[in-house]
Amino acid sequence: MQSVLKCIDCGAEYPLDRLVYSCITCGGLLDVIHDLEALRGQVTRDLFDARLGSLEIPYRSGVWRFKELVYPDMADDLIVSRPEGNTNLYHVPDLAAWAGLRHLWLKHEGENPTGSFKDRGMTGGVSQARRLGMNRVACASTGNTSASLASYAARGGMQAIVFFQEGQVALGKLAQAIAYGATCIQIPGDFDVAMRLVRQVAESLGIYLLNSVNPFRLEGQKTIVFEVLQQLRWEVPDWIVVPGGNLGNSSAFGKGLMELRELGLIDRLPRLAIIQAEGANPLYRGYRSGFAVHERVKAKTLATAIKIGDPVSYDKAVRALHWTDGVVEQVSDQEILDAKARIDASGIGCEPASACALAGARKLAKAGIIRPSERVVGVLTGHVLKDPGLIVDYHTNRIEGIHATYANPLLRVEPTLEAVRAVLAETESAGRQR
Ligand code: F0G
């Protein structure tokens, strides 16, 4: 059997080459379902380990290394890859101690070609666009998806059309989308409005939709957890902590983990912790109500990447939480920016939304939900240079309502040896006190 598209609600199936984004019968979200029976035995840890360090296309990509579980039927010559993945998994004892944990790793997805995890999904999605013969692709974005789409579309010879909220996209991301040649459309409406608009645009104008409602995106994104497991020598951590915005990533993790267990590559599932910003917390609200209510919120957070009030993959994220006995936590902008300052000062760095992983792990450890002895992997979703403005504003204490707890202030010194000597003595004693 070839892979098929299957509705997560009513089970209706569609062939892979059918141009659908949600179920025609009931409107439910679609999964790409692979024939796991046929893959059993063929897909092993050894197979994936043997491809590590490969110089061959497509296997040197950290996505296509797992091709059998991503898109087995995709012709290699249609694949658009930069190649993505192969990101570092940092063991961070200092940050672990700060979070009240003993075993913490950070998987840095900001080390992808365009600086965010989106590249893993985009290689799948843009390759599918090619397979379908589409020459225009579109998305709504808080920034990273647009940067990634712009890059991959350019590589694949397609026009990218990206929609975002005017004035709400961090500079690094906006600059990328423009630079890679996307048609950039700003609207006077938030991400959720842009998302609804692009769905209409895609349907009416025959443009291929590459938001994470597109299930081929999620097939690529799930390789984050595959790679983590491979880097941990297939020893399953107790927790995977991930920021939640449009909820594509967390949904993809749930599906990927279930597949690995089904195929016997792992024998148990880690628990998923999805972390949202307090001002953009629809999943958290649902979780607190036992998913009795599904609220949409008017999103507000300084972590603009996750400023989303009506996430498209909500139902799949709920499913992932059920599968993994997962939890949802929320963190304030203050907690996000303080955690970010710690990650940045550790020399690793990340964008604001990514710091939800550490802020959330710390909060869950404090609440006793994550135990100090448990092995925790946090996912850093974006690169430190994505949002440079917020970094300078934080460290110069210029953000209203935020205290720069871990400020590294910019110094201004007269150009004399004496003045420099005096200021360095001051910073040395301040450093000793820290
Ligand atoms: N972190 C970063 C840096 C992001 O850019 C996003 C989403 C998320 C976390 C949340 O991931 O949506 O899978 O739950 N950014 C999208 C965008 C919405 O348009 O770039 P999610």
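Just so it is clear, the structure is predicted and the values come from calculations on it, not from any experiment. (Residues numbered from 1 in each chain as written. Predicted model: local features only at pLDDT ≥ 70, side-chain atom pairs only at ≥ 80, totals over all residues. Heavy atoms only, no water.)

Peer 1: An account of the layout of surface pockets is requested, with residue identities and associated values reported.
Peer 2: A volume near 290 Å³ is recorded for the second largest pocket. Lining the second largest pocket are 16 residues, with Arg199, Arg296, Asp310, Pro311 and Val312 sitting closest to its centre. Those elements that provide at least two residues to the lining of the second largest pocket are helix 8 (191-205) and helix 13 (314-324). Counting residues per element, the lining of the second largest pocket draws most heavily on helix 8, which supplies four residues. Looking at side-chain class alone, the lining of the second largest pocket contains five nonpolar, four polar and seven charged residues. (1 Å grid on protein atoms, 1.4 Å probe; cavity = no way out; pocket = protein on both sides within 12 Å on 5 of 7 lines; lining within 4 Å. Points joined across faces, edges and corners; volume = space filled by probe spheres on them. Helix = DSSP H or I, 4+ residues; strand = E, 2+ residues; numbered from the N terminus. Nonpolar A, V, L, I, M, F, W, Y, C, P; charged D, E, K, R; others polar.)

Peer 1: Provide a residue-level description of the sheet that holds strand 7 (residues 159-165), including the pertinent values.
Peer 2: Spatial ordering of the open sheet is given by 8-7-6-9, a layout of four strands whose pairing is parallel. In this open sheet, the two strands that pair with only one neighbour each are strand 8 (183-187) and strand 9 (208-209). The pairing of strand 6 (residues 136-140) with strand 9 spans two bridges and is classified as parallel. Paired with Ala138 across the strands is Leu209, a residue of strand 9. (Pairing = 2+ DSSP bridges.)

Peer 1: Quick one: what's the story with the nonpolar core, residue by residue and with numbers?
Peer 2: Residues Leu69, Val137, Leu149 and Leu283 are the most contacted members of the largest nonpolar core, which totals 93 residues. No other element matches helix 8, which puts six residues into this core. Apart from the residues lying within four places of it in its own chain, the contact partners of Leu149 are Met122, Val126, Val137, Ala138, Cys139, Ala160, Val162 and Leu210. Ala96, Trp98, Ala339 and Ala341 belong to the second-largest nonpolar core, a separate cluster that totals 43 residues. (Core = buried A, V, L, I, M, F, W, Y, C linked by side-chain atoms within 4.5 Å. Buried < 20%, exposed > 50% of the residue type's maximum accessible area, 1.4 Å probe, protein only. Contact = heavy atoms within 4.5 Å.)

Peer 1: Lay out the side chain of His395 in plain terms, naming residues and giving numbers.
Peer 2: Residue position: His395 is located in helix 16 (residues 388-395). From its side chain, His395 meets the backbone nitrogen of Asn408 in a polar contact 2.9 Å long. Setting aside chain neighbours within four positions, we find His395 in contact with Ala341, Tyr406, Ala407, Asn408 and Pro409. (Polar contact = N/O pair within 3.5 Å; in protein donor to acceptor, adjacent residues only side chain to side chain.)

Peer 1: Account for the packing of aromatic side chains, naming residues and giving values.
Peer 2: In the structure shown here, the tally under the stated rule is seven aromatic pairs. Centre to centre, the rings of Tyr71 and Phe216 are 5.4 Å apart; their planes meet at 20 degrees, and the pair counts as stacked. On the criterion of sequence distance, the pair formed by Tyr71 in the loop between helix 3 (67-70) and strand 4 (89-91) and Phe216 in helix 9 (residues 215-221) is long-range, its members being 145 residues apart. Residue classification places Tyr71 among the buried residues on the basis of a relative accessible area of 3%. Residue Phe216 is classed as buried on the basis of its relative accessible area, which comes to 5%. With centroids separated by 6.3 Å and ring planes inclined at 65 degrees, the aromatic side chains of Tyr287 and Phe291 adopt a geometry described as edge-to-face. Judged by its relative accessible area of 27%, Tyr287 falls in the partly exposed class. (Phe/Tyr/Trp six-rings, centres within 6.5 Å; stacked < 30°, edge-to-face > 60°.)

Peer 1: A description of the packing of helix 14 (residues 333-345) against helix 15 (residues 356-366) should follow, citing residues and the corresponding values.
Peer 2: At a minimum axis separation of 8 Å, helix 14 and helix 15 run at an interaxial angle of 110 degrees. The angle between the axes of helix 14 and helix 15 places the two elements in the roughly perpendicular class. Contact residues: helix 14 offers Glu335, Ile336, Ala339 and Ile343, while helix 15 offers Cys356, Leu358, Ala359 and Lys363. The class makeup of the residues in the contact of helix 14 with helix 15 is six nonpolar, no polar and two charged. (Axes fitted to C-alpha atoms, helices over the stretch in contact; angles between N-to-C directions. Parallel < 35°, antiparallel > 145°, perpendicular 65-115°, else oblique.)

Peer 1: Before we move on, can you summarise helix 5 (residues 118-131) with the specific residues and values?
Peer 2: In this model helix 5 runs 20 Å from its N-terminal to its C-terminal C-alpha over 14 residues, within 8% of the 20 Å that 1.5 Å per residue would give. For helix 5, a buried count of twelve out of 14 residues is recorded, marking the element as mostly surrounded by other parts of the structure. Against the buried residues of helix 5 lie strand 5 (103-108), strand 6, helix 6 (144-156), strand 9, helix 9 and helix 10 (223-231). A positive backbone phi angle near 75 degrees is found at Gly133, which sits one or two residues after helix 5. (Expected span 1.5 Å × (residues − 1).)

Peer 1: With reference to specific residues and values, describe the environment of Leu101.
Peer 2: The residue Leu101 is located in the loop between helix 4 (93-99) and strand 5 in this model. On the basis of relative accessible area, Leu101 is assigned to the buried category, the value being 5%. Sequence separation between Leu101 and Asn214 is 113 residues; the distance between their C-alpha atoms is 36 Å.

Peer 1: Go over the site of the ligand, please, and point to the residues and values.
Peer 2: Taken together, 19 residues surround the ligand, and among them Ser141, Gly245, Asn246, Leu247 and Thr381 come closest. Within the side chain of Ser141, one N or O atom sits 2.7 Å away from an oxygen atom of the ligand. One nitrogen or oxygen atom from the main chain of Leu247 is found 2.8 Å from an oxygen atom belonging to the ligand. Look at the ligand: alone it shows 470 Å² of surface, and the protein chains cover 99% of it. With respect to the detected pockets, the ligand is housed in the largest cavity. For the shell around the ligand, the secondary structure elements donating two or more residues are helix 6 and helix 11 (248-262). Partitioning the shell around the ligand into residue classes produces six nonpolar, eleven polar and two charged. (Near = heavy atom within 4 Å. Areas by Shrake-Rupley, 256 points an atom, 1.4 Å probe, with all protein chains shown as cover. Sits in = over half its atoms within 2 Å of the grid points.)

Peer 1: Describe helix 6, with residues and values.
Peer 2: Between its first and last C-alpha, helix 6 extends 18 Å over 13 residues, near the 18 Å set by a 1.5 Å rise per residue. Of all the 13 residues making up helix 6, eleven are buried; the element is thus mostly covered by neighbouring parts of the structure. Residues of helix 6 that are buried make contact with helix 5, strand 6, strand 7, helix 7 (171-179) and helix 9. Remark: Gly157 follows helix 6 within two positions and exhibits a positive phi of approximately 70 degrees.

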